[in-house]
Amino acid sequence: SRRLQAAGHKLKQVFLSGIQSVYRPTRGFFMGILHAEHRAATDVYALMFLTDVVDFVIIVFGFWAFGKHSAAADIASTLSEDQVPEAFLVMLLIQFSTMIIDRALYLRKAVLGKLIFQVILVFGIHFWMFFILPAVTERKFNQNFVAQLWYFVKCIYFGLSAYQIRCAYPTRILGNFLTKKYNHLNLFLFQGFRMVPFLVELRAVMDWVWTDTTLSLSDWMCVEDIYANIFIIKCSRETEKSLFTMSVQQQSIQPFTQVEYDQLTGKFGDNAVAMQFITLYSYEDIVTAMIEGSSGSVWRISPPSRQEVIKELLGSPVDLTLRLAWTFQRDLGKGGTVEHTFDKHSIDLEPGNPVRADLASLLVGNRTRPVLIPNMLPNYIRAPNGAEAKPVTQLYKGNEDGYLNITLSLKNDGSLNGSANQEWWDIAIAGCASSSCGVLPIVIFNDKVSPPSLGFLAGYGIMGLYVSVVLVIGKFVRGFFSEISHSIMFEELPCVDRILKLCTDIFLVRETGELELEEELYSKLIFLYRSPETMIKWTRDMRS
């Protein structure tokens, strides 16, 4: 009996040591994963969700690969005939359930639960894919391409999940990952996400169930709806800032500043007609073209032609025309349909006009002082999308009588090394300071044009746009814009940054466990939407 007791004791020691040799490394492995000393929390849930969606699509459109004797077929016709493989339904249910469980673990930040779920999935899916599914479909795994594709995407999911477990969940989960940036892509994806039936509601209910909060389900849905609408408005405001962005390629074209815009409105503050035109533009739409007053080319004229011009100025009984023309070029790569826009301003010099005699003296050489030409230069010009860039008549009292006076002079460099004189014309603003006489400042109001993506509509003008949009899909669009007056105070918000920050603060205090503060901020948000006066103050432009 002593020998048996000794043998039993020895066998027990061997058994316990064997268990310890397996348990300790396993425990150390999992403890090292769950309680690593140096790790940076990360968030790859969006990528994991994307792989789950891809797997879901593969199951839906490759359902025929999960039947016993099924071949490639159309899913609509198969569903209408009630001929769906059982393995397809099981995989669809498993895929949907894992997505819900993964979301719950993410919201609870349960790393241990995620680790257990990962182990169960790894063993369960491999057992299903390599043993059960081949037995059900009577098709080996290496002969089932759809199953191989689904397994490949699932392996990517396993890698992302392992990385998430290793780095742990982030301590703060704020809002939807699609709302992190305010651009066309995020807005398009977010709108697509909201269009999927029941997806928004299901996500909101899951978030409410697995998140500690003092809000009821209806209050939670209210905050989510407000946040979604504010995000859409924010994207729209950011788009308005960048759809009409212009690039200055020459130093002679200077963008208007807010200070210059305020000075312009102050100058015409008592003119209602002028202010009506100016307020159609923001300071980003206006530039100042600093045109060099000296001619860029030498004036080449033969002596007989010069004498003929002098004779016409002094003795001709008909009017002589003095014409100023300008041309603007628009970058069609940024929108618009007309590249070059131009116009001109002409004045007639009748016989006996002193300007004619002064110009003749300038050409003869008897005069060195510049010749004054009144009402010649329009310094406010509109650059439309069309072909004519006309002066802004609303900004001039008396129309052309309000144009600037200019001085015209003929410069020469004298004789150099016995060569003939080189002459060129020089224009300056009459009465200008000596430091600024070298340039002609012209303020240009640039009309907003359609981006190139809408060029196919803009090319047909207003009538083409009306026929193609209003008459064709007018009834469809009307459904979205019916009773729009009821939503003006909630959608026409100039600056939503403060409201967006308030929503983000609600998410933040909820994550930190400050549930009483969450309730106070929610009450503040509801009061904001109930008080139009407060809403106006909160949504004013921060620059004002």
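Definitions and cut-offs
- Residues numbered from 1 in each chain as written.
- Predicted model: local features only at pLDDT ≥ 70, side-chain atom pairs only at ≥ 80, totals over all residues.
- Heavy atoms only, no water.
- Helix = DSSP H or I, 4+ residues; strand = E, 2+ residues; numbered from the N terminus.
- Buried < 20%, exposed > 50% of the residue type's maximum accessible area, 1.4 Å probe, protein only.
- Contact = heavy atoms within 4.5 Å.
- Areas by Shrake-Rupley, 256 points an atom, 1.4 Å probe, with all protein chains shown as cover.
- Core = buried A, V, L, I, M, F, W, Y, C linked by side-chain atoms within 4.5 Å.
- Pairing = 2+ DSSP bridges.
- Axes fitted to C-alpha atoms, helices over the stretch in contact; angles between N-to-C directions.
- Salt bridge = Lys/Arg side-chain N within 4 Å of Asp/Glu carboxyl O.
- Phe/Tyr/Trp six-rings, centres within 6.5 Å; stacked < 30°, edge-to-face > 60°.
- Lys NZ or Arg CZ within 6 Å of the ring centre and 35° of its normal.
- Parallel < 35°, antiparallel > 145°, perpendicular 65-115°, else oblique.
- Nonpolar A, V, L, I, M, F, W, Y, C, P; charged D, E, K, R; others polar.

Student: How should the overall build of the chain be read in this particular structure?
Tutor: Within the chain one finds 19 helices and nine strands. Buried positions account for 35% of the 544 residues belonging to the chain. A fraction of 71% describes how many contacts in the chain between residues 6 or more apart in sequence connect residues 24 or more apart. For the chain, the accessible area works out to roughly 33300 Å², and carbon and sulfur atoms hold 61% of it.

Student: Please clarify how the nonpolar core should be interpreted in this entry.
Tutor: Nonpolar side chains in soluble globular proteins tend to end up buried together. Of all hydrophobic cores here, the largest spans 37 residues; its most connected members are Phe66, Met91, Met129, Leu133 and Trp150. Looking at this core, the elements that each hand over two or more residues are helix H1 (2-34), helix H2 (45-61), helix H4 (86-108), helix H5 (111-137) and helix H6 (145-167). Broken down by element, the residue count for this core peaks at nine residues, all from H6. Core analysis: the second largest hydrophobic core is formed by 27 residues, Leu349, Leu363, Val371 and Ile444 among them.

Student: Sorry if this is basic, but what is going on with the sheet that holds strand E2 (residues 286-292) here?
Tutor: The strands making up a sheet are joined through hydrogen bonds of the backbone, oriented either antiparallel or parallel. Pairing is mixed across the open sheet formed by four strands, whose spatial order is E1-E2-E9-E6. At either margin of the open sheet sits one strand with a lone partner, and together these are strand E1 (253-255) and strand E6 (380-383). The average undirected angle you get between the axes of adjacent strands in this sheet is 30°. With seven bridges connecting them, E2 and strand E9 (residues 439-446) associate as antiparallel partners. Pairing of Ile286 across the sheet is with Phe445, part of E9.

Student: Is there a simple way to think about the side chain of Glu224 in this case?
Tutor: The topology assignment puts Glu224 in helix H9 (residues 217-243). A relative accessible area of 19% means that Glu224 is categorised as buried. Apart from residues no more than four positions distant in its own chain, Glu224 is found in contact with Arg203 and Phe507.

Student: Just to check I follow, could you spell out the pattern of salt bridges for this structure?
Tutor: As a working rule, side chains carrying opposite charge can pair if their charged atoms are close by. One pass over the structure, following the stated rule, counts 17 salt bridges. Residue Asp447 pairs with Arg382 through a salt bridge whose shortest N-O separation is 2.6 Å. Pair noted here: Asp447 is in the loop between E9 and helix H14 (455-458) and Arg382 is in strand E6, with a separation of 65 residues, a long-range link. The buried category is assigned to Asp447, whose relative accessible area is 14%. The class for Arg382 is partly exposed, based on a relative accessible area of 36%. Salt-bridge contacts for Lys537 lead to Glu533; the nearest nitrogen and oxygen are separated by 4.0 Å.

Student: So what exactly am I meant to see when it comes to the packing of aromatic side chains here?
Tutor: For any pair of aromatic rings, geometry is given as the distance between the ring centres together with the angle between the planes. Taken as a whole and assessed by the stated rule, the structure comprises 19 aromatic pairs. Consider the rings of Tyr396 and Tyr403, whose centres lie 4.9 Å apart with planes at 75°: the pair is edge-to-face. Pair check on accessibility: Tyr396 and Tyr403 agree, each one buried. Put simply, the rings of Tyr45, Phe49, Tyr106 and Tyr169 touch in pairs and so form one group of aromatic residues. When the ring centre of Tyr157 is taken as origin, the NZ or CZ atom of Lys154, which lies over that ring, is 4.6 Å away. Sitting above the plane of the Tyr182 ring, Lys234 keeps its charged end 5.6 Å from the centroid.

Student: What is the right way to read the packing of H2 against H4 from this model?
Tutor: The angle between the axes and the distance between the axes are what describe a pair of packed helices. Between H2 and H4, whose axes approach to 10 Å, the crossing angle comes to 170°. The angle between H2 and H4 places the two elements in the roughly antiparallel class. Counting all contacts with H2, which are made through Tyr45, Met48, Phe49, Asp52, Val53, Asp55, Phe56, Ile59 and Val60, the residues of H4 involved are Phe88, Met91, Leu92, Gln95, Met99, Asp102, Arg103 and Tyr106. Looking at the contact of H2 with H4, its residues break down into twelve nonpolar, one polar and four charged.

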